[in-house]
Amino acid sequence: MPSTAISIPQFAQTQQALLLQEHEAEKLSSSLATSAAVTVSPSTRRTLQATGYALTGIILDQCRTGMGGRVVGDFCADPATANTSESNEGGPQLGAHGIRVGDVVKVMEIVSGSGRKAGKENKDKDRGKGPVGVEGVVTKASEKMLSVAFGQSGGGGLSKADEEMVDMLWGKKLWLVKIANDVTYRRMKQTMERMEKMPESEHTHFMRVLFGHTTPSSPDYDSVGQIDFIDPTLNDSQKEAIRFALASREIALIHGPPGTGKTHTLIELILQMIRRNMRILVCGSSNVSVDNIVERLAPHQIPIVRVGHPARLLHSVLDHSLEVLTQTSEAAEIVRDVRKEIDEKQASIRKTRNGRERREIYSDLKELRKEYRDREARCVDNLVTGSKVVLATLHGAGGHQLRNQKFDVVIIDEASQALEAQCWVPLLTASRAVLAGDHLQLPPTIMSRNLKAEGSAAADGQAPTLSGITLETTMFDRLLSLHGPSIKRMLTTQYRMHEKIMRFPSDELYESKLIAADGVKERLLTGLPYDVADTDDTREPLVFYDTQGGDFPERAEEEDIAKKESLLGESKSNEMEAAVVIRHVDNLVEAGVRPEDIAVITPYNAQLALLSQSLKGKYPGIELGSVDGFQGREKEAVVVSLVRSNPQHEVGFLAEKRRLNVAMTRPKRHLCVCGDSETISKGSEFLKHWMAFLEEHADLRYPDVSEFT
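With that settled, consider the nonpolar core. M195, W424, L427 and L435 are the most contacted members of the largest nonpolar core, which totals 56 residues. Looking at this core, the element that brings in the most residues is helix α16 (residues 475–483), giving five residues. In contact with W424, other than residues within four places in its own chain, are F11, T191, M192, M195, F206, M207, L210, F211 and M475. By size, the runner-up hydrophobic cluster in this structure holds 40 residues, among which are M490, L514, V627 and F686.

Judged by how many residues are buried, strand β3 (residues 104–109) sits mostly within the fold: five of six residues are covered. In terms of strand pairing, β3 meets strand β4 (residues 134–141) through four bridges, oriented antiparallel. Directly across from V104, in β4, lies its bridge partner V137. As paired elements, β3 and strand β6 (residues 174–179) share six bridges and run antiparallel to each other. Each bridged residue has a counterpart across the sheet, and for E109 the counterpart in β6 is L174.

Looking now at the sheet that holds strand β20 (residues 623–626). Across the sheet, which stays open at both edges, the six strands sit in the order β20-β19-β21-β22-β16-β23 with parallel pairing between neighbours. In the strand order of this sheet, the two ends are held by β20 and β23 (699–701), each with one partner. Strand-to-strand twist in this sheet, taken as the mean axis angle between neighbours without regard to direction, amounts to 20 degrees. Direction of pairing for strand β16 (residues 542–546) relative to strand β22 (residues 667–675): parallel, over a ladder of five bridges. Residue pairing across strands places V543 opposite C672, the latter belonging to β22. The sheet strands contacting helix α17 (residues 499–509) are β16 and β22, and the helix crosses β22 at an angle near 65 degrees. Contacts from helix α20 (residues 657–664) reach β19 (598–602), β21 (635–641) and β22, with the element oriented near 130 degrees to β22.

Moving on, we get to α20. Extensive coverage of α20 is indicated by the burial of seven of its eight residues. Residues R658, R659, L660, N661, V662, A663 and M664 constitute the buried set of α20. Residues of α20 that are buried make contact with α16, α17, β19, β21, β22 and α22 (685–697). Where α20 begins, one side-chain oxygen reaches toward the backbone nitrogen of R658, 3.0 Å away; that side chain belongs to E656.

Let us look at the pattern of salt bridges. By the definition in use, this model includes 29 salt bridges. Between E240 and R489 there is a salt bridge, with the nearest N and O atoms lying 3.1 Å from each other. Remark: R489 occurs in strand β13 (residues 488–490) and E240 occurs in helix α8 (residues 236–247); sequence separation between them is 249 residues. With a relative accessible area of 27%, E240 lands in the partly exposed category.

Next up on the list: the packing of aromatic side chains. The tally for this structure, following the rule as stated, stands at eight aromatic pairs. Note on F504 and F693: the rings are 5.4 Å apart at their centroids and 45 degrees apart in plane angle, and the pair reads as tilted. Of the two residues, F504 is situated in helix α17 and F693 in helix α22; the sequence distance between them amounts to 189 residues. Plain terms: the ring middles of Y604 and F653 are 4.9 Å apart, the flat faces sit at 40 degrees to each other, and that makes the pair tilted. Separated by 49 residues along the polypeptide, Y604 in the loop between β19 and α19 (605–618) and F653 in the loop between β21 and α20 bring together distant segments of the chain.

Definitions and cut-offs
Residues numbered from 1 in each chain as written. Predicted model: local features only at pLDDT ≥ 70, side-chain atom pairs only at ≥ 80, totals over all residues. Heavy atoms only, no water. Core = buried A, V, L, I, M, F, W, Y, C linked by side-chain atoms within 4.5 Å. Buried < 20%, exposed > 50% of the residue type's maximum accessible area, 1.4 Å probe, protein only. Helix = DSSP H or I, 4+ residues; strand = E, 2+ residues; numbered from the N terminus. Contact = heavy atoms within 4.5 Å. Pairing = 2+ DSSP bridges. Axes fitted to C-alpha atoms, helices over the stretch in contact; angles between N-to-C directions. Polar contact = N/O pair within 3.5 Å; in protein donor to acceptor, adjacent residues only side chain to side chain. Salt bridge = Lys/Arg side-chain N within 4 Å of Asp/Glu carboxyl O. Phe/Tyr/Trp six-rings, centres within 6.5 Å; stacked < 30°, edge-to-face > 60°.

These values are about where atoms sit, not about what they do.
What follows is the structure, encoded as structure tokens:
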């Protein structure tokens, strides 16, 4: 066994211990969001919404039957409290929020902090029942509607109590809050338990390669032969990545730096594999990444099935989702009549208040749902088996729909943003895989990293651990360090950024290998396809407002006692720097740049809240977000607020160069950075080099504090 080999059972045990610790941290965060959730004040609910935990001011608009016979509730903005400026013909829009498809949420009635009703709710909570509400999974999200399938996914539907609770939501003022996702954790845990218990005789050649027990086979280019590429626009590095992935026998990594057309490359790879009569499972760490591939594959008229709930409501995506196919395909006839009967029974519940009649209806519904699930399972199996390409999220690949399904290759997109345990959900029975991602951007967010080991079930000394294995170490990272660059091919032509914006990340992180495509290398805001004035701001691709000198100091939220319970924790803000950002945005908009083409991002939630107060009302179309949340996104103009400015020259998590790499690679035509070079440059060698680069190559500006006071 090579010295770098990792014990498979020990790896699985270590992962279980780390996952348990992470799950505890998630539950701790979730209890913070839901503590006293029944009677939280309106301002706290708004703060929960601003920090991505909640959505308030909603009502139940309609109920229907979803996959598995589940009750799906559609929630819209409460017209009585919605901002009239956000209303139009289609009804009021939901407020800005961070709830996403796949999030597990609890829907609750908004209850005031006083009165008999609130007292009863609090007694329930004191007896250990927790905030009264019903749990479900978000299946669709749009500006005007949020759909929630009630009952945990993977279970057997709703309990009678939950069903009655959903029924009680009608006509109430509601809000919902994000809670820890037990489903994902459970699937990862089950996968690691299976891996741990596997006898060595069951360890496949593929597994042995991925844990360093044997070396990867040499790529078999002879079997690939001459490739007739379908997409004529592919560049040489993309073609080489495809050729290498087709020739690899166990594992291939496709390294796609920002804007280099990683998804574009994967689409061609999938089409080439289909030509070779291969059956493919395509997975991603998020619904959005999977749906993006579905959307691009759809025009090629190949049999594809999307397992799970698509994040976008685009027709091209929905047409391939199991949810729609089980209603519209020929096989769907066997379930359609039962679905209709369920919906009719569901509607009849609200028409009777007779207890005996309601109990009878609930009993009938239970039987109908069982019959529905049995029929639907046969329909789903036929649809999935007949598909050449099946697409799912990583944990979705562990669902019953794919049980006993065999694939020639598993492709994982955004592999550098996924926990390794998540990747093993589809890979445990695989013999070949292609991983695509960029390990130089942010890894998955790990909430337990700063959790004190004291009292943690994962730190009780019982579980054996492997040194050097952490949840932040992704499979992409680990395989690169295990087998070296021979298993990787990098895409080198980027189609997003002006050359000056690209230059620093290319030189500092990508070995100076990135090349700006001719169509983007010199494009500016003045070249947008609408009128933009030629100003000092719009003609510059790179602007740096250097606030050095101490006149733009940061503030920790904990210093403000009134905000201690704001859920912003010890997040930092910088009011004077925010003023510089706002003025720059004003200047861009005045020059003609549309707000929807501008993003303002910052690493700190407290700064995000501060900027939102001033900018969201003024420019509803502008995008405001955290750096972490903006990964994978792009805008014509991006303004970055770095926040940190203190005499101690502390930069906190700005020292993470992958976070800064995300921040500086989002814009197409214009990047504006606001920060204190004196503080920032002391944070790390990377930050020192970045400040020096900006001072030399950016349009350097020194804002005068007197202009903002």
